[in-house]
Number of protein chains: 2
Amino acid sequence: MNQPIILLHQVQLAENLGAVARAMGNFGLKQLRLIQPKCDPDDPKAIAMAAGNERVLESASLYQSLDHAVGDLELVFATTAAERELIKEYYTPRAAIPLMSGKKVGLLFGPERTGLSNEDLSVANHIITIPVNPDFSSLNIGQAVVIILYEWYQSQTDKDTWLHLGDTKPVSQKELQNFFKLLEAELDLVNFWRVPHKKEKMWQNIRAAFLRMQPTEQEIRTLYGAIQAIKK
Amino acid sequence: MNQPIILLHQVQLAENLGAVARAMGNFGLKQLRLIQPKCDPDDPKAIAMAAGNERVLESASLYQSLDHAVGDLELVFATTAAERELIKEYYTPRAAIPLMSGKKVGLLFGPERTGLSNEDLSVANHIITIPVNPDFSSLNIGQAVVIILYEWYQSQTDKDTWLHLGDTKPVSQKELQNFFKLLEAELDLVNFWRVPHKKEKMWQNIRAAFLRMQPTEQEIRTLYGAIQAIKK
């Protein structure tokens, strides 16, 4: 049984870090990754809020960048409170769960005050948005985690769904990032962006499209080959 | 639409009271009843944790006994972490929601440290138990409230998944076919397939990947431009 991995990007408050650890314990999750955390997993406030599940804090992995933190994952869901300009598929927690079956999944949560930036979101395949009252939509990060993990845990008692992949494997984020690097270099080389300030947004959208595709390893090799062939 | 009423019996910590108020705001609930509370709804810690939804704290009703607090309700669900000796029907949050339809419902939560006593439970029609990891089953009261209210709110909406498109439109099959024709012509031109008999399968797989992407018109224009740019 593959367990989702929780990724907290720039988590700010030790209390929230502890609440996330407690929620992970409630639903049997073990793997926590902290990207540029602004608080310390051995802060007494974190340990108090973990309410006995400090083990997940002790074993948390630290990362310097989001790209590294998602490198070995097959499917990344980012969480946002509101819709963004990026073209991504939005899922409720319940609708997202069946997609996770059999995959190495990361669930990415942003800093408490600001949430994830568009640049942060660009590493994700899809987005999870919890349906809430639009007039009061600010969910505490611990509560957002608990809701999504509750849905995941519920699904483990149900019958699972399967994605037919044949002999192929879904591409890892790292391989996809390598493909992005190559594609970006090619597009830079041919001055594709024309107006430099447009590049950031355009490049986010191109990556969003390929992430939505969820390509297999074979498909990425094919696309890579196609780019090389057209170039020559 | 009947909203459930939240009943907190002998709530101990102002922080938790505030967290419950915040969760109620997130899911649009207005009515809070406090039975023999051990903390004050205008405690600054409660107001801080309510994160802007202090109105529900200000308008909370106070009761001296559970019997009074449930007097006008039609259906009361009590929440417990574990099964008790009392012979009651146990429901997961999800299974409980359909029973609430059209009724004046109360959701009863116990003191943080001990939970509801058997005597407290005797006012309830049924029991809700949230499925959790049996080795670490202690859910924070704010988190228990948020999970049950999330389930209730979900039942009020039917939106599962959606694609955020902003100002763009999904590409039509016809436009996608035009893109495929162009791409195929380019790949033919550069002798991408090498072995002719492999083309059919490879080309099917490439098209499958782009179909899974469900590109927008804008994205297809971008990809088209990228191909042209790399070609030059």
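What counts, and at which threshold
Along each chain, residues carry numbers from 1 onward, in the same order as the chain's sequence is written. As a convention, the first chain written is A and the first ligand written is 1, with the rest following in written order. Owing to the predicted nature of the model, reporting of local features is limited to residues with pLDDT of at least 70; listing and counting of side-chain atom pairs is limited to 80 or more, with chain, interface and lining totals taken over all residues. To get the side-chain values, take all heavy atoms of the structure and skip hydrogens and water. A helix here means a DSSP run of H or I that spans at least four residues, while a strand means a run of E at least two residues long, and both kinds are numbered starting from the N terminus. Relative accessible area decides the class of each residue, using a 1.4 Å probe on protein chains only: under 20% of the type maximum gives buried, over 50% gives exposed, and in between gives partly exposed. Only heavy atoms enter the contact rule, under which two residues are in contact if any of them lie within 4.5 Å. Where each domain starts and ends follows an automatic or database-derived domain assignment. Buried area, as used here, totals the accessible surface that two parts lose on assembly, with accessibility defined by a 1.4 Å probe and the loss added over both. For this analysis, a salt bridge means a side-chain nitrogen from Lys or Arg found within 4 Å of a carboxyl oxygen belonging to Asp or Glu. Throughout this description, a polar contact denotes any pair of N or O atoms lying within 3.5 Å of each other; where both atoms belong to protein, one of them has to be capable of donating a hydrogen while the other can accept it, and for residues adjacent in sequence the pair is counted only when both atoms sit in side chains. Pairing of aromatic rings covers Phe, Tyr and the six-membered ring of Trp, with a centre-to-centre limit of 6.5 Å; geometry is then stacked below 30 degrees between planes, edge-to-face above 60, and tilted otherwise. Strand pairing follows a simple DSSP-based rule, namely that at least 2 bridges must link the two strands. Angles shown run from 0 to 180 degrees and are taken between the N-to-C directions of axes, each axis being a line fitted to C-alpha atoms and, for helices, limited to the stretch in contact. The definition of a right-handed crossover adopted here requires that, viewed with the strands pointing away, the path from the first strand over the helix to the second runs clockwise.

In this structure, what is going on with the overall build of chain A? I would like to understand it.
Looking only at helices and strands, one finds ten helices and seven strands in chain A. Across its three principal axes, chain A shows a C-alpha extent of roughly 60 × 40 × 35 Å. In chain A, which comprises 232 residues, the share counted as buried stands at 59%. Taking contacts inside chain A between residues at least 6 apart in sequence as the whole, the part at least 24 apart equals 83%.

So what exactly am I meant to see when it comes to the domain arrangement of chain A here?
Accessible area lost during the coming together of the parts is what is often quoted as the interface size. All names here are of chain A. Under the domain assignment used here, chain A contains domain 1 (5–154) and domain 2 (173–231). Computed from C-alpha atoms alone, the centre-to-centre distance between domain 1 and domain 2 is 27 Å. Opposite the 20 residues of domain 1 that make contact, domain 2 presents twelve residues. Taken together, both faces of the contact between domain 1 and domain 2 bury some 1300 Å²; the carbon and sulfur share is 44%. In this structure, the connection of domain 1 to domain 2 is made through one salt bridge. Two residues, E119 and R207, come together in a salt bridge whose shortest N-O distance is 3.7 Å.

Just checking my understanding: could you explain the environment of D120 of chain B for this structure?
All names here are of chain B. Inspection of the secondary structure puts D120 in helix α6 (residues 118–121). The exposure class assigned to D120 is buried, which follows from its relative accessible area of 12%. If sequence neighbours within four positions are ignored, D120 has contacts with H9, L66 and L108. Within the local environment of D120, its side chain forms a polar contact with the backbone nitrogen of S117, the two atoms lying 2.9 Å apart.

It is not clear to me how the packing of aromatic side chains should be interpreted in this structure. Could you clarify?
Geometrically, a pair of aromatic rings is defined through the distance of the ring centres and the angle of the planes. The final tally for this structure, using the stated rule, is 16 aromatic pairs over all chains. The interplanar angle of 70 degrees and the centroid separation of 6.5 Å between the aromatic rings of F27 of chain A and Y150 of chain A together place this pair among those described as edge-to-face. On the criterion of sequence distance, the pair formed by F27 of chain A in the loop between α1 (14–26) and β2 (32–35) and Y150 of chain A in helix α7 (residues 141–155) is long-range, its members being 123 residues apart. Neither F27 of chain A nor Y150 of chain A differs from the other in exposure class; each is buried. Centre to centre, the rings of F179 of chain B and F210 of chain B are 5.5 Å apart; their planes meet at 70 degrees, and the pair counts as edge-to-face. Taken together, the residues span a long stretch of sequence, with F179 of chain B in helix α8 (residues 173–189) and F210 of chain B in helix α9 (residues 199–213) at a distance of 31 residues. On the basis of relative accessibility, which here comes to 3%, the residue F179 of chain B falls in the buried class. The class for F210 of chain B is buried, based on a relative accessible area of 5%.

I keep staring at the sheet that holds strand β1 (residues 5–9) of chain B and nothing clicks. Help me out?
Hydrogen bonds between backbone groups are what pair the strands of a sheet, and the pairing can be parallel or antiparallel. Residue and element names in this part refer to chain B. Ordered by their spatial adjacency, seven strands build an open sheet running β3-β2-β1-β6-β4-β7-β5, and the pairing between neighbours is parallel. The two strands at the open ends of the sheet, each matched to only one other strand, are β3 (61–63) and β5 (90–91). Relative to strand β6 (residues 105–109), strand β4 (residues 75–79) is paired through four bridges, and the arrangement is parallel. Across the sheet, residue V76 finds its bridge partner in β6, namely G106. Lying on the sheet, helix α7 (residues 141–155) is in contact with β1, β4, β6 and β7 (126–128); it crosses β6 at an angle near 155 degrees.

Explain the pairing of β2 of chain A here, please?
The two faces of the sheet receive side chains in turn, since in a regular strand these alternate between them. Residues and elements named next belong to chain A. The alternating pattern of β2 places L32 and L34 on one face and R33 and I35 on the opposite face, and all of these are buried. Two elements, strand β1 (residues 5–9) and β2, share four bridges in a ladder whose sense is parallel. Residue L8 lies in a different strand from β2, and its bridge partner there is L34. Once you follow β1 into α1 and on to β2, the crossover reads as right-handed.

Honestly, the interface of chain A and chain B in this entry has me stumped. Any pointers?
Taken together, the 65 residues of chain A in the interface contact 63 residues of chain B. Taken together, the two surfaces of chain A and chain B that pack against each other cover about 5300 Å², and 60% of this comes from carbon and sulfur. In terms of surface lost to chain B, no three residues of chain A exceed F136, Y150 and I230 of chain A, which account for 13% of the buried area on that side. At the surface where chain A touches chain B, the tally comes to two salt bridges. The closest approach of N and O atoms between R94 of chain A and E151 of chain B, which form a salt bridge, is 2.6 Å. Applying the counting criterion to the chain A and chain B interface returns 18 residue pairs in polar contact (both at pLDDT 80 or more).

Sorry if this is basic, but what is going on with the pattern of salt bridges here?
If the charged atoms of two oppositely charged side chains come close together, the side chains can form a pair. This model, assessed by the stated rule, comprises 15 salt bridges over all chains. With its nearest N and O atoms 2.8 Å apart, the salt bridge here joins K104 of chain B to D72 of chain B. Taken as a pair, K104 of chain B in the loop between α5 (93–100) and β6 and D72 of chain B in the loop between α4 (66–69) and β4 lie far apart in primary sequence, 32 residues in all. In this structure K104 of chain B comes out as partly exposed when scored by relative accessible area, which is 34%. E186 of chain B is the salt-bridge partner of K231 of chain B, the closest N and O atoms lying 3.0 Å from each other. Placement of the pair is K231 of chain B in helix α10 (residues 217–231) and E186 of chain B in helix α8, with a sequence separation of 45 residues. For E186 of chain B, a relative accessible area of 6% gives the class buried. Sharing partners across several salt bridges, the network here consists of R94 and E151 of chain A together with R94 and E151 of chain B.

Any chance you could explain the environment of L73 of chain B here in plain terms?
Residues and elements named next belong to chain B. Mapped onto the fold, L73 is located in the loop between α4 and β4. Counting along the chain gives 69 residues from L73 to P4, while the straight-line C-alpha distance between them is 9.7 Å. Apart from the residues within four sequence positions on either side, L73 is in contact with I5, L7, R33, K104, V105 and G106.

I'm lost on unusual backbone geometry in this one. Help?
Excluding glycine, a negative phi dihedral is what most residues carry, and trans is how most peptide bonds are arranged. Even without glycine at this site, R194 of chain A takes up a positive phi of about 60 degrees. One can find R194 of chain A in the loop between α8 (173–189) and α9 (199–213). The phi dihedral of Q10 of chain B is positive, around 50 degrees, even though this residue is not glycine.

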